[in-house]
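# Coordinate inspection notes
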Amino acid sequence: MHLRLRTSDFAINCPFSLRSCFYPLLKEKINGKVGDVIDILGICTTLFGVVATLGYSAIRLAAAFHSMHLLDNSPYLVPLILVSVFIIAILISLQGIANGFRILSELNLGVTFLFMLLVLLFGPTIYLISAFTENIGTYLSGLIRVGFKAYAYDVEHLDWFMDWTVFYWAWWFSWAPGFGIFIARISRGRTLREFIFGVLMVPSLFFVLWFTVFGNGAIWVNEHLAKGALGRAVNDVGSLLFDFLSYLPYSGLTKTLALFIITLFFIVTINFGIYTLNNIAIEDKSQVSPRWQSMFWVVYCQLLRLFFIFLAVIEITTINDVVFLFTFYSVDVSDGMEFVERFTI
């Protein structure tokens, strides 16, 4: 999507908007009601992705506070966290969403790298480096096989496939419009080779490293230090990270960093979501969205999230994601086929 946005902006001289991705397929129709529908689908997809992320992040953050014995596990803790983040987001939007987003993102990236390096050094370092090399080979050799696996002949694991693979597919894809706009905007002047290397290869390598440090690290700790305690607590996702860190040296330092990163991720998520919603919703892309519009999206996202929390139907955001994503993805696939054909020719 970000590649299509970038080429539509430069090669076809279309406005920097989601509807411009579909110009080769729909031509001048993107300037009418069809284009409005595409932008609305993008807003709805991003909106429910942000709302789902806020809800699950609040639940994880509440469990993190409880596991560190900072707050009691009260039913009002999750709404309290949402309201607190709501106030912080309002303050950031008043200062200017772009500047606040940049500062928080850079801080978040630096602290996250530091956290990963500390876990790598304090954990079984040699084992994790060896596992990282092997995981790259496993990922590349099984990419096609696992990518097409739908557990049609392995029905005993179908529930796991639906609760994990399908759920995260919908959740992550809901951020496609946001990341597409963001990456396309910052990739101005890059060649296609640089773009693919920076967007696909480097992040994929980092993800393998991240899951190796924390995934293989947790498995090693569970087998050698925890005597299976982490495996028995696998469903307690919110506190599992802190249980894992408690078996490593300097656990107080790493737990504090983990809590800080989770909180920062929470704030960056709503900041990035507001940035994306503003960019899709504003008619003139050359102008900066007004601050009242940022505040509107903050209030709307938080009220919608609190509504689902109080109704205890957090899963409904995932259902909405799938509904909007199916329509958006269907059109996007047909446009992507045309895009590949154009480059092939």
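Residues numbered from 1 in each chain as written. Predicted model: local features only at pLDDT ≥ 70, side-chain atom pairs only at ≥ 80, totals over all residues. Heavy atoms only, no water.

## Side note on the packing of aromatic side chains
To keep things clear, this is the line we draw: Pairing of aromatic rings covers Phe, Tyr and the six-membered ring of Trp, with a centre-to-centre limit of 6.5 Å; geometry is then stacked below 30 degrees between planes, edge-to-face above 60, and tilted otherwise. Note on conventions: DSSP H or I runs of at least 4 residues are helices, E runs of at least 2 residues are strands, and numbering of each starts at the N terminus. Think of it in three bands: with a 1.4 Å probe and only protein chains considered, a residue is buried below 20% of the maximum accessible area for its type, exposed above 50%, and partly exposed in between. Over a ring means this: the NZ of a Lys or the CZ of an Arg is within 6 Å of the ring centre and within 35 degrees of the ring normal.
By the definition in use, this model includes 8 aromatic pairs. Centre to centre, the rings of Phe 122 and Tyr 250 are 5.1 Å apart; their planes meet at 35 degrees, and the pair counts as tilted. Note that Phe 122 is positioned in helix H5 (residues 97-122) and Tyr 250 in the loop between helix H12 (237-245) and helix H13 (251-281), a separation of 128 residues in sequence. For the pair Phe 206 and Trp 210, a centre-to-centre distance of 6.1 Å together with 40 degrees between the ring planes defines the contact as tilted. Of the two residues, Phe 206 and Trp 210 are both situated in helix H10 (residues 192-224); the distance of 4 residues between them amounts to about one turn of the helix. Residue class for Phe 206 comes out partly exposed when judged on its relative accessible area of 23%. What makes Trp 210 partly exposed here is its relative accessible area of 22%. One aromatic cluster is present, built from ring pairs that chain together Phe 113, Phe 115, Phe 206, Phe 207, Trp 210 and Phe 214. Positioned above the aromatic ring of Tyr 151 is the side chain of Lys 149, whose terminal nitrogen or guanidinium carbon lies 4.8 Å from the ring centre.

## Digging into a nonpolar patch on the surface
Basically, it comes down to this: Here the term patch refers to residues with relative accessible area over 30% and no salt bridge, with like charges joined within 9 Å and nonpolar side chains (Val, Leu, Ile, Met, Phe, Trp, Tyr) within 5 Å. The method behind every accessible area is Shrake-Rupley, applied with a 1.4 Å probe, and residues are considered shielded solely by the protein chains displayed. Take a side-chain nitrogen of Lys or Arg and a carboxyl oxygen of Asp or Glu: if they are within 4 Å of each other, that pair is a salt bridge.
Side chains of Leu 192, Ile 196, Phe 197, Leu 200, Met 201 and Val 202 sit close together on the surface and give an oily, nonpolar patch of about 540 Å² of accessible area. Mapped onto the fold, Val 202 is located in helix H10. Assessed through its relative accessible area of 41%, Val 202 is described here as partly exposed.

## Digging into unusual backbone geometry
Positioned with a positive phi, Tyr 151 is a non-glycine residue whose angle comes to about 60 degrees. Look at Tyr 250: it is not a glycine, yet its phi comes out positive at around 55 degrees. Classification of Tyr 250 by relative accessible area gives exposed; the value is 59%.

## Brief notes about the nonpolar core
Rule in force here: Grouping buried Ala, Val, Leu, Ile, Met, Phe, Trp, Tyr and Cys residues that are joined through side-chain atoms within 4.5 Å yields what is termed a nonpolar core. Only heavy atoms matter for contacts: two residues are in contact if any of them lie within 4.5 Å across the pair.
Judged by nonpolar contacts, the single largest core of 57 residues is most densely connected at Ile 81, Phe 115, Val 119, Phe 244 and Phe 266. Where this core is concerned, the elements lending two or more residues are helix H3 (33-67), helix H4 (77-95), H5, helix H8 (158-173), H10, H12, H13 and helix H14 (291-310). With near-sequence residues (within four places) excluded, Phe 115 lies in contact with Trp 210, Phe 214, Leu 245, Thr 254, Leu 257, Ala 258 and Ile 261.

## Brief notes about the side chain of Thr 254
Topologically, Thr 254 is positioned in helix H13. Overall, Thr 254 belongs to the buried group, its relative accessible area being 0%. For Thr 254, the contacting residues outside a window of four places in its chain are Phe 115, Leu 118, Phe 122 and Leu 245.

## Looking at the confidence of the model for the protein
We count it as follows: Note: pLDDT gives the predictor's confidence per residue, expressed from 0 to 100.
The predicted model of the protein averages 76 in pLDDT, with 76% of residues at 70 or higher. Put simply, helix H15 (residues 316-344) is where the protein has its lowest mean pLDDT, 53, and helix H6 (residues 125-141) is where it has its highest, 93.

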